[in-house]
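Coordinate inspection notes
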Amino acid sequence: ASPSQIYRTSYHFQPPKNWMNDPNGPMVYKGLYHLFYQYNPLGADWGNIVWAHSTSTDLINWNPHKPAIFPSQEGDINGCWSGSTTIFPGGKPAILYTGINPSNQQVQNLAVPKNLSDPYLIEWDKSPYNPLMTPTPENKINSSSFRDPTTAWLGPDGRWRVIIGNKLNRRGKALLYRSKDFVRWTKAKHPLHSVKGTGMWECPDFYPVTSNPIGLDTSTVGALGIKHVLKVSLDDTKHDQYAIGTYDHVKDVFDPDAVAAEKFSGLRYDYGKFYASKTFYDSLKKRRILWGWINESLSREDYIAQGWSGVQGIPRLLWLDKSGKQLMQWPIKEIETLRENKVGYPPRPLKGGSILEVQGVKAAQADVDVSFELSELKRADAFDPSWTDPQLLCSQKGASIKGGIGPFGLKLLASKDMQEYTAVFFRIFKGQYKYVVLMCSDQSRSSLNVKPDKTTYGVFLDVDPLHEQLSLRSLIDHSIVESFGAKGKACITSRVYPTKALDNEAHLYVFNNGLANVTISNLSAWSMKKAHID
Ligand code: DQQ
């Protein structure tokens, strides 16, 4: 492959060339899935932003269309930034998005389909009333921090609500607007939620969940076992954080269950790269699905040179964990239609210090699912309570540092000589009251090229290794690895750029670099077919 093509993915969504960032307005209409996204038609760097558009019957294979929303009126002449779709009762969709006006102010606009009988919804009409929401001195909204409307929800009082990301000084806010007709919007006195010291909240998302993977329409309030999730994309850290709580739909405020001072929350969708994400309710299959943007770890100069930048993560099913304290995520079932040539191993021990090659899969384009059983927990090293930062702990205790139990897990996108590999693994420590499970994704050896960012990522996993198996699933696709620990309790996505472990030269291993033996209770791996994308 040419240098510009070697890192392109085979089953993750990406346009044929140029820059892509946030997923916008995902939805299903007349049985077709729509994905819009922030796109630069003129190059591989951010700029000239339009809403590019593709449709799909299965969320895996996609057909490209011409951009749906592009600068054409005063309210968006300098850019069509992120936003969301709302489906009205009866099925009509509408787009709310941020436009950049001639004074470079951020304003909110409405667009509706020109022809509702076209399932592809190729043409969109912008409302003659645009812009519908504007920053003014009276409403004290800063015109450079007012963007990214959510999917609107309909209250029991018949009024629509939408939130817009904002900040005032360092206080991040989800500004609330209400409307009876979707055209005339009034700002509520109080934001839905705000937290001081958090900076700008980009791309907010607000939706109901339960511990049943059957999802709920965004307007559902008051159902049994219902919780609400508020997600914000923190501009300062480029992390998508979410809080679980209660939506008081009378006061129109969100009350998070756990509050951490000057922090939005301690919870992230993904502990690697994953930003500006958005969920939608899939009314076809009754589920809530999460899309997120994964940027390059290359330098700007290198992604411009390769002529493209950015991929979308595999859509994830999303629901509430039984504990009510965190979300669960799992790649949508449809991705399994790309699996072929399954390789399976019967249960087997993996001795401390050993490594096993998984042969017979295309290791650069694979789906691998492995579970471990631990029998020698007494060998666990003591956990030091001062270790509060899992990412730091993972970078100090990388894949080559031996422990009592672990590191054990996968070495993927590995060269035969092991000069290059990405390691996704676990370590178990003995805490004062319970075992502490650490999940890491170590990119430090992922490429002989010194230029890409190789930050190691990590997260503490809320599992009990005494009673539960420890599972790891990784979706490997040339320059991206999406890993799901403990059946979806924690996700880590990384971008890597091997120079040797490319295509047929890539290998896949299960390794145990700890002192204790572990048992591989299940190991299944598949080569992945190429999806039809643009
Ligand atoms: N990207 C969009 C903004 C949004 C940011 C511009 C998040 O609307 O806040 O491309 O990545």
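Keep in mind that what you see is a predicted model, and the values were worked out from it rather than measured.

Looking now at the overall build of the protein. When you go through the protein residue by residue, the secondary structure sums to two helices and 39 strands. The C-alpha radius of gyration computed for the protein amounts to 23 Å, which stays within 12% of the reference 24 Å derived for 534 residues, consistent with globular compactness. Taken over the C-alpha atoms alone, the protein extends approximately 70 × 55 × 40 Å along its principal axes. Counting only residues that meet the buried cut, the protein has 50% of its 534 residues in that class. Long-range pairs, those at least 24 residues apart, make up 64% of the contacts in the protein between residues at least 6 apart in sequence.

Here the focus is the sheet that holds strand β3 (residues 50-56). One open sheet holds the five strands; their spatial order is β4-β3-β2-β1-β22, and the pairing between them is mixed. Every other strand in the sheet has two partners, leaving β4 (63-69) and β22 (308-309) as the edge strands with one partner each. Bridging between strand β1 (residues 18-29) and strand β2 (residues 32-40) involves seven bridges; their strand directions are antiparallel. Across the sheet, residue Trp-19 finds its bridge partner in β2, namely Asn-40.

Near the ligand lie 13 residues; those nearest to it are Gln-38, Trp-81, Ser-82, Glu-202 and Ala-276. If you list the elements that add at least two residues to the shell around the ligand, you get β1, β5 (80-87) and β15 (201-209). Here the residues of the shell around the ligand sort into four nonpolar, five polar and four charged.

Turning our eyes to something else, we now look at the sheet that holds strand β8 (residues 124-126). An order of β5-β6-β7-β8 is seen for the four strands of this open sheet, with the pairing classed as antiparallel. The open sheet has two edge strands, β5 and β8, and neither has a second partner. Direction aside, the axes of adjacent strands within the sheet are offset by 30 degrees on average. Relative to strand β7 (residues 106-113), strand β6 (residues 93-100) runs antiparallel, the two being bridged by six bridges.

With that settled, consider the environment of Glu-376. Looking at the secondary structure, you find Glu-376 in the loop between β29 (365-374) and β30 (381-382). Overall, the presence of 16 C-beta atoms within 10 Å leaves Glu-376 in the partly exposed class. When the C-alpha atoms of Glu-376 and Asn-517 are compared, they prove to be 6.9 Å apart, with 141 residues separating the residues in sequence. Other than its neighbours up to four places away in sequence, Glu-376 contacts Ala-516 and Asn-517.

What follows concerns the environment of Ala-223. The residue Ala-223 is located in the loop between β15 and β16 (227-234) in this model. With 301 residues separating them along the chain, Ala-223 and Ser-524 place their C-alpha atoms 38 Å apart.

This brings us to the UniProt feature "domain: Glycosyl hydrolase family 32 C-terminal" (unreviewed entry) in the protein. Listed under "domain: Glycosyl hydrolase family 32 C-terminal" (unreviewed entry) in the UniProt record, and renumbered for this structure, are residues 354-527. Its end C-alpha atoms 24 Å apart, residues 354-527 is made of 4% helix and 48% strand.

Take the pairing of β4 next. Sheet analysis places β3 next to β4, joined by four bridges and oriented antiparallel. Looking at the pairing, Ser-54 lines up with Pro-64 of β4. What sits between β3 and β4 in their antiparallel hairpin is a turn of six residues, with Leu-59 showing a positive phi close to 65 degrees.

So, about the pairing of strand β36 (residues 480-485). In terms of residue burial, β36 counts as a mostly covered element, since six of its six residues are buried. Burial along β36 is two-sided: the face carrying Ile-480, Glu-482 and Phe-484 and the face carrying Val-481, Ser-483 and Gly-485 are both buried. Pairing of β36 with strand β37 (residues 490-495), which is carried by six bridges, proceeds in the antiparallel orientation. Paired with Glu-482 across the two strands is Thr-493, which belongs to β37. The loop that links β36 with its antiparallel partner β37 comprises four residues; one of these, Ala-486, has a positive phi angle of about 50 degrees.

Let us look at the nonpolar core. Membership of the largest hydrophobic core comes to 151 residues, with the highest contact counts inside it found for Ile-69, Ala-366, Leu-412, Leu-413, Leu-438 and Leu-508. Excluding anything up to four places from it in sequence, Ala-366 contacts Val-361, Ile-476, Leu-508, Ala-525, Trp-526, Ser-527 and Met-528.

The rules behind the values
- Residues numbered from 1 in each chain as written.
- Predicted model: local features only at pLDDT ≥ 70, side-chain atom pairs only at ≥ 80, totals over all residues.
- Helix = DSSP H or I, 4+ residues; strand = E, 2+ residues; numbered from the N terminus.
- Rg over C-alpha atoms; globule rule 2.2 N^0.38 Å.
- Buried ≥ 20, exposed ≤ 12 C-beta atoms within 10 Å, placed from the backbone.
- Contact = placed C-beta atoms within 7 Å.
- Pairing = 2+ DSSP bridges.
- Near = placed C-beta within 6 Å.
- Nonpolar A, V, L, I, M, F, W, Y, C, P; charged D, E, K, R; others polar.
- Axes fitted to C-alpha atoms, helices over the stretch in contact; angles between N-to-C directions.
- UniProt positions renumbered as here; feature names shortened; annotations may be inferred.
- Core = buried A, V, L, I, M, F, W, Y, C linked by C-beta atoms within 7 Å.

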